[in-house]
Amino acid sequence: AQKVTQAQTEISVVEKEDVTLDCVYETRDTTYYLFWYKQPPSGELVFLIRRNSFDEQNEISGRYSWNFQKSTSSFNFTITASQVVDSAVYFCALSVSGTYKYIFGTGTRLKVLA
Amino acid sequence: GAVVSQHPSWVICKSGTSVKIECRSLDFQATTMFWYRQFPKQSLMLMATSNEGSKATYEQGVEKDKFLINHASLTLSTLTVTSAHPEDSSFYICSASTGTNEKLFFGSGTQLSVL
């Protein structure tokens, strides 16, 4: 069975601080995909990143960076110099290759204070 | 990028009535669509997988007679909440795949409130 754990329920930071959102996953499959989505108060899910299980390269996109470590089954997300507009719920998700069925974590609510 | 349109954005209905939610892929054909449910401050739970031209596959614990799913075309899937009750009040969100790269595109969601 697959499982995604986001242990941090809510995080509050002051603007310009760096913040890391943790994601730990479980799967017995060797081919899978990991995702991060942002859900602002309006409700829609905004795609941030997709990573397949064979690509452990870390990625940086502007203020966002992701650290994928298969050895610890983690796919952590860091926001550098956080801004108020980053306030949202962030979901980590896992899908097994070919299924398109996403297993979502419980989400981390990030509050960035001005 | 691929766009998924979901309507309505919010709906308020009386207990006992049925509500239909539409999910459309605007610029691509989606052989498979997914319906999720999200309670306040909780995660998204997969309800069912909707396949064009065939019956939907429901996740364990989801009542198929309660949540009717129809995927009549490659661009449209509908979720009908039949005989809605207050406990059905929730945020429903659909998603669709283009069939490549494991990426899902999500609709903007529907907030259902049953009085």
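Rules and cut-offs
- Residues numbered from 1 in each chain as written.
- Chains lettered and ligands numbered in written order.
- Predicted model: local features only at pLDDT ≥ 70, side-chain atom pairs only at ≥ 80, totals over all residues.
- Heavy atoms only, no water.
- Helix = DSSP H or I, 4+ residues; strand = E, 2+ residues; numbered from the N terminus.
- Rg over C-alpha atoms; globule rule 2.2 N^0.38 Å.
- Buried < 20%, exposed > 50% of the residue type's maximum accessible area, 1.4 Å probe, protein only.
- Contact = heavy atoms within 4.5 Å.
- Areas by Shrake-Rupley, 256 points an atom, 1.4 Å probe, with all protein chains shown as cover.
- Pairing = 2+ DSSP bridges.
- Axes fitted to C-alpha atoms, helices over the stretch in contact; angles between N-to-C directions.
- Salt bridge = Lys/Arg side-chain N within 4 Å of Asp/Glu carboxyl O.
- Disulfide = S-S within 2.5 Å.

Caption draft 1: How the structure looks around the overall build of chain A. The number of helices and strands found in chain A is 0 helices and 12 strands. Ordering the α and β elements of chain A from the N terminus gives β-β-β-β-β-β-β-β-β-β-β-β. Over its C-alpha trace chain A gives a radius of gyration of 14 Å, about what one expects of a compact globule, namely 13 Å for 114 residues. Each principal axis of the C-alpha atoms in chain A carries an extent, and together these give about 40 × 25 × 20 Å. The burial tally for chain A puts 46% of its 114 residues in the buried class. Within chain A, contacts between residues at least 6 apart in sequence are counted, and of these 56% link residues at least 24 apart. With the model as given, the accessible surface of chain A reaches about 5600 Å², and the carbon-plus-sulfur share is 48%.

Caption draft 2: How the structure looks around the pairing of strand S10 (residues 88-96) of chain A. All names here are of chain A. The buried fraction of S10 amounts to 9 of the 9 residues, a majority that puts the element mostly inside the structure. Residues Ala88, Tyr90, Cys92, Leu94 and Val96 of S10 are buried on one face, and the alternating residues Val89, Phe91, Ala93 and Ser95, pointing to the opposite face, are buried as well. Examined bridge by bridge, strand S5 (residues 32-39) and S10 share 8 bridges and lie antiparallel to one another. Counterpart to Gln39 in the pairing with S10 is Val89. In terms of strand pairing, S10 meets strand S12 (residues 108-113) through 3 bridges, oriented antiparallel. By the bridge assignment, Tyr90 is partnered in S12 with Thr108. Here S10 pairs with strand S11 (residues 102-104) via 3 bridges, running antiparallel.

Caption draft 3: Representation of the sheet that holds strand S8 (residues 76-81) of chain B in the model. All names here are of chain B. The 4 strands are arranged S1-S3-S8-S7 in an open sheet whose pairing can be described as antiparallel. If you trace the sheet from one side to the other, it starts and ends with strand S1 (4-7) and strand S7 (67-73), each paired once. Between one strand axis and the next, the sheet turns through 15 degrees on average, direction left out of account. Where S7 meets S8, 5 bridges bridge the pair, whose relative direction is antiparallel. Note on S8: the bridge partner recorded for Phe67 is Val81.

Caption draft 4: Structural view of the pattern of salt bridges. All names here are of chain A. Within this structure, the stated rule accounts for 7 salt bridges over all chains. Two residues, Lys111 and Glu10, come together in a salt bridge whose shortest N-O distance is 3.3 Å. With Lys111 in strand S12 and Glu10 in strand S2 (residues 10-14), the pair connects residues that are 101 residues apart, well separated along the chain. A relative accessible area of 44% means that Glu10 is categorised as partly exposed. Residue Asp55 is joined to Arg51 by a salt bridge in which the shortest nitrogen-to-oxygen separation is 3.2 Å. The exposure class of Arg51 is buried, given its relative accessible area of 6%.

Caption draft 5: The arrangement of the state of the cysteines in detail. Residue and element names in this part refer to chain B. Summed over all chains, the structure comprises 2 disulfides over all chains. Put simply, Cys23 and Cys94 are joined by a disulfide, and their sulfur atoms are 2.0 Å apart. Because the torsion about its S-S bond is 80 degrees, the bridge between Cys23 and Cys94 counts as right-handed. You can see Cys23 sitting in strand S3 (residues 19-25) and its partner Cys94 sitting in strand S9 (residues 90-97), a full 71 residues away along the chain. Of the two residues examined, Cys23 and Cys94, each falls in the buried class. No disulfide involves Cys13; its sulfur sits 18 Å from that of Cys94, the nearest cysteine.

Caption draft 6: Seen up close, the pairing of S3(B). Residue and element names in this part refer to chain B. On S3, burial follows the alternation: Val19, Ile21, Cys23 and Ser25 on one face are buried, whereas Lys20, Glu22 and Arg24 on the facing-out side are not. Pairing between S3 and S8: 6 bridges, direction antiparallel. The residue bridging Glu22 from the neighbouring strand is Thr78, located in S8.

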